[in-house]
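A closer look at the structure
For reference, the chains in residue letters:
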Amino acid sequence: MWCGRVAVSFLLSGLASAAWINNISNRDLCVNTPLRVRGCGRPHLFEVELPEEPASPWTFKPQCINSTFGSPQLCVFTSHEFANGRGISIITTPSTAAAIQNLTSFTQSGNLTKAGEMAVPPFEVRDLPGRGKGGIANTTLHRGDRLLAATPAILVDMRVNRFLNVMDGIMLETIAVRQLPPQANEMFWELHNQPTTNSVRDRITVNAFAVEVAGWQFSGVVLETSRFNHDCRPNSAYYFDEETLTHYTHASTEINPGTEISLTYISPLAPQQHRQNTLRVSWGFKCTCSQCSMHPKMIKHSDTRIEHINNMTRLLYGWHERWTARLDLTDAAAVAAADTKKPVVKDEQQAKKHEEAQQKAMDEIPVISNVEAIATAETVISLYQQERLVVYSSDAHLIAALANCAEGRRTEAIKHAQLALETGLVHEGLDDELHVDVVKLGVDPTKEPCWLKKGAGSSLSDAGEVAESS
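First, a word on scope: everything that follows refers to the structure included in this document. (Residues numbered from 1 in each chain as written. Predicted model: local features only at pLDDT ≥ 70, side-chain atom pairs only at ≥ 80, totals over all residues. Heavy atoms only, no water.)

Attention now goes to the pattern of salt bridges. Summed over the entire model, instances satisfying the criterion amount to 11 salt bridges. Of the charged contacts, one joins R143 and E422 as a salt bridge, the two residues approaching to 2.8 Å between their closest N and O atoms. Here the residue R143 occupies a position in the loop between strand 6 (132-137) and strand 7 (146-150), and E422 occupies one in helix 15 (residues 410-427), the gap between them amounting to 279 residues. Classification of R143 as partly exposed rests on a relative accessible area of 32%. (Salt bridge = Lys/Arg side-chain N within 4 Å of Asp/Glu carboxyl O. Helix = DSSP H or I, 4+ residues; strand = E, 2+ residues; numbered from the N terminus. Buried < 20%, exposed > 50% of the residue type's maximum accessible area, 1.4 Å probe, protein only.)

See below:
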């Protein structure tokens, strides 16, 4: 047996030395072999001494690797106490880790509910033929009903892929998984795996969600949510609360008992062929959901509707940018007119340059009137309904509410504002930056800045005239 191992090791060493013969890179060979191979050096790990803190959340001393590009070091920070013992491992820089530990999820962790646990879960995990494991509803669920509120077990700063080589990145990811509490560690290894590079990295790649934390992009592995399979027309939607590091999943439509709960792994607003290619390359499977299994003619019509949604949405965003900029500029002109103190020349020049830049940007956006914006938004909403993507219509409802408000249509403004809230809370969360303003708009639009602000399609230079005439 010992001789056999030596022979295999010698053979692999030869391959590592002459990998070019078979077009195999040393890096790929080093990553995939479990044996010690000549030329496959281990990453240089070192511990970091953090400043003394009375209540540091980290269970272990951070294990770090310096970037080969001279960027800040990347380390593994693990807390077994996080989320009442669920635990978390974070791969990031020391400065970002310091910012993360000041979030509510760490400073007030005792007040957080035990994420991932419900008295009576609305679904159960079952083995599904040809689909691995999946979540099956065990009760009737309505749009907005919560399915899960769970914290990630793993957070990998996306700078890892940019600043570390493959082996160094995998080393940190392996340590991150190994340092998890026993239950989280066991659940990680039960996740679906698409063998490509390494058993740890492959599980992270296949099961991670893209999230933003402390101003940086991360890949987050939420163990419970990862049980839900993909569908191009899902019956649930999710969002991430950065402050509490909690990943929320809600029903996006009515779900009957016995129905599989699904998420979309990709943007559903892409043509069918593009969706299939993305899923094949990134997740290694061909989607057979009902939307992808329709008759080719029906798929073609669906792709046309998606194209209309994307084009009209760009038009609506253009209207909103122009409308918002004009509203802000009008307010600024009014304030300047009321100010008797003459601004200095430098400020005037800067203001003029800023105004010119704004005008140039607006000139590149198609101009539509408030009435046209209302008609376009309503068409987009109808297309979303036809595509069974109702929860994605929150932005269209918001723009319809604002345009109706500008036209003095109180009832319609309230209707669309309430629908923007109802769909947006499922898809975008309670702390969306527009949430407070939309709530006010849905109560009494006559008291909001948008009321009777017609002429949104006019140029920014007209804002000064509006301010002067008021």
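Here 6 bridges tie strand 5 (residues 123-128) to strand 6, and the two strands are oriented antiparallel to one another. The residue of strand 6 that forms the bridge with E124 is I136. Hairpin connection between strand 5 and strand 6: a loop of 3 residues separates the two successive antiparallel strands, and G130 in this loop has a positive phi of roughly 75°. (Pairing = 2+ DSSP bridges.)

As a further point, take the pairing of strand 10 (residues 216-221). Sheet topology places strand 8 (residues 154-157) next to strand 10; 4 bridges connect them, and they run antiparallel. Bridging across to strand 10, D157 finds its partner in F218. In this structure, strand 9 (residues 208-213) lies alongside strand 10, joined through 6 bridges in antiparallel fashion. Each bridged residue has a counterpart across the sheet, and for E212 the counterpart in strand 10 is Q217. The antiparallel hairpin formed by strand 9 and strand 10 contains 2 residues in its connecting segment, where A214 sits at a positive phi of about 55°.

Moving on, we get to the layout of surface pockets. Space inside the largest pocket adds up to approximately 1300 Å³. The wall of the largest pocket is formed by 48 residues, among which V206, A208, F209, Y265 and W283 lie closest to the centre. Tallied by class, residues from the lining of the largest pocket come to 19 nonpolar, 18 polar and 11 charged. (1 Å grid on protein atoms, 1.4 Å probe; cavity = no way out; pocket = protein on both sides within 12 Å on 5 of 7 lines; lining within 4 Å. Points joined across faces, edges and corners; volume = space filled by probe spheres on them. Nonpolar A, V, L, I, M, F, W, Y, C, P; charged D, E, K, R; others polar.)

Turning to the nonpolar core, a few remarks are in order. A general tendency of soluble globular proteins is for nonpolar side chains to be buried together. Ranked by internal contacts, the top residues of the largest apolar core, which has 34 residues, are W319, L402 and L441. Among the secondary structure elements, those contributing two or more residues to this core are helix 11 (296-338), helix 13 (370-386), helix 14 (394-406), helix 15 and helix 16 (435-443). Counting 31 residues, the second largest nonpolar core, distinct from the first, contains F82, A97, F218 and F228. (Core = buried A, V, L, I, M, F, W, Y, C linked by side-chain atoms within 4.5 Å.)

Bringing the packing of aromatic side chains into the picture now. If you walk through the whole model with that rule in mind, you get 9 aromatic pairs. Seen in terms of ring centroids, F188 and W189 are 5.4 Å apart; in terms of plane orientation they differ by 85°. Their pairing is edge-to-face. By relative accessible area, which is 0% here, F188 ends up buried. On the accessibility criterion, W189 (36% relative accessible area) is partly exposed. Three or more aromatic residues joined by ring pairs make a cluster, and in this case those are W58, F77, F82 and F106. Positioned above the aromatic ring of W216, the side-chain terminus of R159 is 3.5 Å from the ring centre. (Phe/Tyr/Trp six-rings, centres within 6.5 Å; stacked < 30°, edge-to-face > 60°. Lys NZ or Arg CZ within 6 Å of the ring centre and 35° of its normal.)

Attention shifts here to helix 10 (residues 272-283). A rise of 1.5 Å per residue sets the reference length of helix 10, with its 12 residues, at 16 Å; its end C-alpha atoms lie 16 Å apart and thus fit the reference within 8%. Among the residues of helix 10, Q272, R275, Q276, L279 and W283 are the ones counted as buried. The arc enclosing the buried residues of helix 10, seen along the axis, measures out at 100°, which places them on a common side. G284 occupies a position one or two residues after helix 10 and carries a positive phi of about 75°. (Expected span 1.5 Å × (residues − 1). Arc of directions from axis to C-beta.)

With that settled, consider unusual backbone geometry. Phi is positive for A83, which is not a glycine, with a value near 55°. Phi is positive for R388, which is not a glycine, with a value near 60°.

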